[in-house]
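The lines below spell out each chain.
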Amino acid sequence: MSTHIAAEPGAVAPTVLLPGDPLRARWIAETFLDDATCYSEVRGMLGFTGTWQGHPVSVQGTGMGQPSLAIYATELFREYGVTTAIRVGSCGALSEQVAVRDVVIAAGACTDSSMNRIRFGGHDYAPVADYDLLAAAVAAARSREGLTSHVGLIFSSDSFYTPRPELMKPMAEHGVLAVEMEASALYTLAAGHGVRALAVCTVSDHIVTGEETSAQEREQTFADMVEIALTAAFGAAAFKG
Ligand SMILES: O=P(O)(O)O[C@H]1O[C@H](CO)[C@@H](O)[C@H]1O
Ligand SMILES: O=c1cc[nH]c(=O)[nH]1
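Reading the values: the criteria
- Residues numbered from 1 in each chain as written.
- Chains lettered and ligands numbered in written order.
- Predicted model: local features only at pLDDT ≥ 70, side-chain atom pairs only at ≥ 80, totals over all residues.
- UniProt positions renumbered as here; feature names shortened; annotations may be inferred.
- Helix = DSSP H or I, 4+ residues; strand = E, 2+ residues; numbered from the N terminus.
- Rg over C-alpha atoms; globule rule 2.2 N^0.38 Å.
- Buried ≥ 20, exposed ≤ 12 C-beta atoms within 10 Å, placed from the backbone.
- Contact = placed C-beta atoms within 7 Å.
- Near = placed C-beta within 6 Å.
- Nonpolar A, V, L, I, M, F, W, Y, C, P; charged D, E, K, R; others polar.
- Axes fitted to C-alpha atoms, helices over the stretch in contact; angles between N-to-C directions.
- Parallel < 35°, antiparallel > 145°, perpendicular 65-115°, else oblique.
- Left-handed = near helix turned anticlockwise from the far one by under 90°.

An unreviewed UniProt entry annotates the protein chain as Uridine phosphorylase of Nocardioides mangrovicus. Regarding the protein chain, the relevant UniProt record gives this comment under Sequence similarities (unreviewed entry): "Belongs to the PNP/UDP phosphorylase family." Here the protein chain is described in UniProt, under the heading Catalytic activity (unreviewed entry), as follows: "uridine + phosphate = alpha-D-ribose 1-phosphate + uracil".

Spelled out as C-alpha cells, the structure:
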C-alpha cells in the first residue's frame, strides 16, 4: 500500500488509464475491462484492475489539477511499477476548429503551473507525450468512423475558473487546441520516471461558444477516448482484434 492508494503489491497493472473523475474510472472498468476488481477506495479516488483483450489494465482516478494527479502518478510510478500511463480526460475547446465531443490528443502540454519551474529552478520545460503512444493514438483516432480528432498542444491550467480569460485567445492563436488541468504534470513526472505517457481528452465544453455537456455525459459517455487509449497502449494489432 502507498500513502494514497490501498493496492497490494502487484495489484496494479503496468498499463494504467488515468481519468480525473473517479466515477469515470468505475465506468471505464465496468464498460471496457473484463473481470475488473476495485483495488483502492482511499479518499474515494477509485482504482480498478482488469483485462482488455487479455491485457492487464488498471484505471485510477487522479482528481482535479496537477498537484492531485502528481500524488497518484508518483505513487503509481515509484511504488507500483507502472510503465505506461494514459490520461483519459475532459477538456474545454479553445479553437473554433475544435467542437464539443471531438477528441484531442496532446502532443505537448503548456501550463501556467509553477510546479515545473520549481522542479527546474525557474527554467521552462516542454512536457511532451511518448512518441510511440502518440503515433498509435493518432492512427487509432483517425481510423474511427464518425469521430473528429485533433493532435497538438493543450494547456494544463491550475485554474478551472481562469482569472485571465483574455489569455485564451493568444493561446489558440499559437496552436493550443484545448484546456484541461493535468497533462503537463503527467508528462513531466512520466519523463522523470522513464514511463510512457499520453493524454487523450474529449471536448466536454467550448470556451468560445459556451456549449457544454452534462456531468453525467462527462462521466459515462466519452468512449472513443478510452478505446483510443487502450488501442495505443497495446498496439495496432489489438485494435484490429
Ligand atoms: O474530466 P477530468 O479528467 O477530471 O479532466 C478535466 O475536468 C476537470 C475539471 O472539470 C479537470 O480535472 C480537467 O482536467
Ligand atoms: O479543465 C477543463 C476541463 C474541461 N473544460 C474546461 O473548460 N476546463
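**Student:** I'd like to hear about the overall build of the protein chain, residue by residue, with values.
**Tutor:** Regarding its fold elements, the protein chain presents nine helices and nine strands. Rg of the C-alpha trace for the protein chain: 17 Å, near the compact-globule value of 18 Å for 241 residues, within the 12% margin. C-alpha extents for the protein chain along the principal axes are approximately 45 × 45 × 30 Å. Counting all 241 residues of the protein chain, 51% fall into the buried class. Residue pairs at least 24 apart in sequence account for 75% of intrachain contacts in the protein chain once pairs closer than 6 positions are excluded.

**Student:** Outline the site of ligand 1, supporting the account with residue identities and numerical values.
**Tutor:** Contacts to ligand 1 come from Pro19, Gly20, Asp21, Met64, Gly89, Ser90, Phe160, Glu180, Met181, Glu182 and Arg218. Its residues assigned to classes, the shell around ligand 1 shows four nonpolar, three polar and four charged.

**Student:** Requested: an account of the packing of helix α4 (residues 131–142) against helix α8 (residues 223–234), with residues and values cited.
**Tutor:** Relative placement of two packed helices is described by the angle separating their axes and the distance separating the axes. Put simply, α4 and α8 touch, their axes get as near as 8 Å, and they point 130° apart. With respect to α8, the axis of α4 lies oblique. In this structure, α4 crosses over α8, and the sense of that crossing is right-handed. Taking contact as the criterion, the partners of Leu133, Ala136, Ala137, Ala140 and Ala141 in α4 are, on α8, Ile228, Ala229, Thr231 and Ala232.

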